[in-house]
Amino acid sequence: MNNQWFSKVAVWLVIALVLFTVFKQFDRTAAAGGQIGYSDFLEEVRSKRISTVTLQESGNGATEIRAATTDGKTLRTTATYLDRGLVGDLINNGVKFDVKPREEPSILMSILLSWGPMLLLIGVWIYFMRQMQGGGKGGAFSFGKSKARMLDEANNSTTFADVAGCDEAKEEVKELVDFLKDPQKFQKLGGRIPRGVLLVGPPGTGKTLLAKAIAGEAKVPFFSISGSDFVEMFVGVGAARVRDMFEQAKKSAPCIIFVDEIDAVGRHRGAGLGGGNDEREQTLNQMLVEMDGFETNLGVIVMAATNRPDILDPALLRPGRFDRQVYVTLPDVRGREQILNVHMRKVPIGQDIRADILARGTPGFSGADLANLVNEAALFAARRSARVVEMADFEKAKDKIMMGPERKSMVMPEEERRNTAYHEAGHALVARLMPKTDPVHKVTVIPRGRALGVTMQLPETDRYSMDKERMLSTISVLFGGRIAEEVFMNQMTTGASNDFERATQIARDMVMRYGMTDELGPMVYSENEGEVFLGRSVTKTTNMSEETMRKVDSVIRRIIDEQYTTARKLIEDNQDKMHAMAKALLEWETIDAEQIDDIMGGKPPRPPKDWTPSSAAGVNGGSGNGGTPAVSTDGAPAAV
Ligand SMILES: Nc1ncnc2c1ncn2[C@@H]1O[C@H](COP(=O)(O)OP(=O)(O)OP(=O)(O)O)[C@@H](O)[C@H]1O
Ligand SMILES: [Zn+2]
């Protein structure tokens, strides 16, 4: 049964029950006036003061008696047993009487009486569920109303100019604007319009923004809802919401319906642990029905966003539904520059700001990350009460976003600080000496996030894949930290556990996923483990023989041993540089690429640019090389 309907009925029944009880009570009190005892009544009969009597059998063999007196009053009484003498008395005294059959309570009444308390409970329960889900505005009656937020054309000022760095995607959706502006004309000219457009891309790349911009450009209303808003406790609520949303949208056509995170409802049916999820499936089915059900010339376009198109139910992607997919990818260098420019327009910016340099320094950043970068930089500027945001603010913001916020207040024992300094120096040195590694951008022993220290490496350009040599070098760099602790501090700490995890994972992937070893050859030994919770890959097993498994293990082991040995040799052969780097870190807390260059060249490192001996509070040596962030190699995660 439909839930919305059900809750309404429940509430009305409860009200009816209460009224009924009150009425009954009232009825009884009203009648109580003429109530007398049975023997008194017999007395009245025998004294001939009664003119008429009605007898009615009630439950338990008793008899209800109503009587009218000769002077026009009414009396009531009850004979608790069947008095065979009564009829004789009535006849002898000339009383007219009438016998009524027992009155059966009506079906409705008996249902009410037996189900009332339960309905009351259900009603109360539904009420509390509503309250808990927030949005109690509409009370118990707005269950199946869609939660879609509508942004009407007057309040939507987003245009394509706000969306930067995804020109291909913009190009692809431009015709939607022409269509929405005048659906009839567009169709007369022979344009074919998709019913549904699926925006696919990583989080924060501007999918929502793009959809909103289409509505803004076409000046049509924009309904947005998140897939997770459909997922409710009660079966049927999600489906009702879908129906309601489409109804609302049809009334405001032409318009755009935007469903964010459609994977929350659109996941492959029958997937998922713990059996089928009726609610989700019903919601999905309803969505399919609605999409099939409306005419394209109505002018409603359904857009949806996901970053997992692979888990969507194929039925959603069939013609007539989301039959067009638009990829919104992470921005490249030029895209990042444009996005930065869009967001920098909103804050006062210093003369020295170069968006192109910042863009080069932020590979892997999404549009949302970049918006956040500008925001954080503005906050840093505000904190120093500056009037404009400067490059140094952006550097700090970048470090904060990439490495986590500094935890300067964390007091580290000197011993641990030294250990961290050598650990990070180990990473940095190996990174500088191994082939095909990303340049070391910055090394710090200021605790950040969970890390006690961080060595940050930045790729020189955007990179889209890894090669074997690069992966081997990365493993060595990861081991550098622990090796330095062993060699110089003569101890092993828990700080390296994350390094080891990552190193092992890379080695395993090389062997099992990328077929990068001669021994095992170009073959994939592992299934994609990513989707365990979605249920699809749970049943898949790796069909590896015992023997193969052992071989895989030994090859992983060999790779790890070789890279460990390589890294250890580098560190042992460059002890002087290790000491110099650790010393610089202990003194300045953060060193940048230029200082590392000095150390690697055997020279004493230059002091940090903004270093004055008095500011020993560990000013973050803002690297002025216009740096470039991204892959930050570990940091020793705090010992747990
Ligand atoms: N291409 C872009 N141009 C300008 N700003 C962008 C861009 N991409 C993202 N942003 C900024 O990031 C914010 C978040 O982006 P948005 O919510 O559109 O991303 P999304 O792809 O929908 O993310 P999610 O998948 O997490 O919902 C936007 O409001 C905007 O400020
Ligand atoms: Zn480390």
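Criteria and cut-off values
Residues numbered from 1 in each chain as written. Chains lettered and ligands numbered in written order. Predicted model: local features only at pLDDT ≥ 70, side-chain atom pairs only at ≥ 80, totals over all residues. Heavy atoms only, no water. UniProt positions renumbered as here; feature names shortened; annotations may be inferred. Core = buried A, V, L, I, M, F, W, Y, C linked by side-chain atoms within 4.5 Å. Buried < 20%, exposed > 50% of the residue type's maximum accessible area, 1.4 Å probe, protein only. Helix = DSSP H or I, 4+ residues; strand = E, 2+ residues; numbered from the N terminus. Contact = heavy atoms within 4.5 Å. Near = heavy atom within 4 Å. Polar contact = N/O pair within 3.5 Å; in protein donor to acceptor, adjacent residues only side chain to side chain. Areas by Shrake-Rupley, 256 points an atom, 1.4 Å probe, with all protein chains shown as cover. Pairing = 2+ DSSP bridges. Axes fitted to C-alpha atoms, helices over the stretch in contact; angles between N-to-C directions. Salt bridge = Lys/Arg side-chain N within 4 Å of Asp/Glu carboxyl O.

With an unreviewed UniProt entry as reference, the chain is termed ATP-dependent zinc metalloprotease FtsH, source organism Methylibium petroleiphilum. UniProt, in the comment section headed Function (unreviewed entry), describes the chain in these words: "Acts as a processive, ATP-dependent zinc metallopeptidase for both cytoplasmic and membrane proteins. Plays a role in the quality control of integral membrane proteins." The heading Subunit (unreviewed entry) in the UniProt record of the chain holds the text "Homohexamer."

Things to note about the nonpolar core
Membership of the largest hydrophobic core comes to 49 residues, with the highest contact counts inside it found for Ile475, Val511, Val552, Ile571, Met578, Met581 and Ile591. Breaking this core down by element, the ones donating at least two residues are helix H15 (414–433), strand S11 (440–444), helix H16 (468–489), helix H17 (497–512), helix H18 (546–573), helix H19 (575–588) and helix H20 (593–600). Here this core gets nine residues from one element, more than from any other, and that element is H16. If near-sequence neighbours (up to four positions away) are discounted, methionine 578 is found in contact with Tyr422, Ala425, Gly426, Leu429, Ala484, Phe488 and Ile571.

Here's the deal with the site of ligand 1
Lining the immediate surroundings of ligand 1 are 16 residues, of which Ala164, Gly204, Lys207, Thr208 and His343 lie closest. In this structure, glycine 206 approaches ligand 1 through a main-chain N or O atom, which is 3.0 Å from an oxygen atom. At 2.9 Å from a nitrogen atom of ligand 1 is found a side-chain nitrogen or oxygen belonging to histidine 343. For ligand 1, whose free accessible area comes to 620 Å², the fraction covered by protein is 76%. Secondary structure elements with two or more residues in the shell around ligand 1: helix H7 (207–218), helix H11 (333–344) and helix H13 (367–383).

Focus: the sheet that holds strand S1 (residues 50–57)
Strand order in this open sheet of four strands is S3-S2-S1-S4, and the pairing throughout is mixed. Of all strands in the sheet, those with a lone pairing partner are strand S3 (74–79) and strand S4 (96–100), marking the two edges. The sheet shows a mean angle of 20° between the axes of neighbouring strands, taken without regard to direction. Sheet topology note: the S1/S4 ladder contains five bridges and is parallel. When the bridges of S4 are listed, threonine 54 appears paired with aspartate 98.

A look at the pattern of salt bridges
Using the criterion set out here, one finds 27 salt bridges in the structure. Put simply, aspartate 356 and arginine 354 hold a salt bridge, and the shortest N to O gap is 2.9 Å. Note that aspartate 509 is salt-bridged to arginine 513, the shortest N-O span being 3.9 Å. Taken together, the shared-partner salt bridges connect Glu395, Lys398, Asp399 and Lys442 into one network.

Quick look at the sheet that holds strand S5 (residues 149–151)
The strand order across the open sheet formed by six strands is S5-S7-S8-S9-S6-S10, and the pairing between neighbours is mixed. At either margin of the open sheet sits one strand with a lone partner, and together these are S5 and strand S10 (324–327). Shown here is a sheet whose adjacent strand axes are inclined to one another by a mean of 20°, direction ignored. Sheet analysis places strand S7 (residues 222–226) next to strand S8 (residues 255–260), joined by five bridges and oriented parallel. For isoleucine 225, the partnering residue across the bridge sits in S8 and is valine 259.

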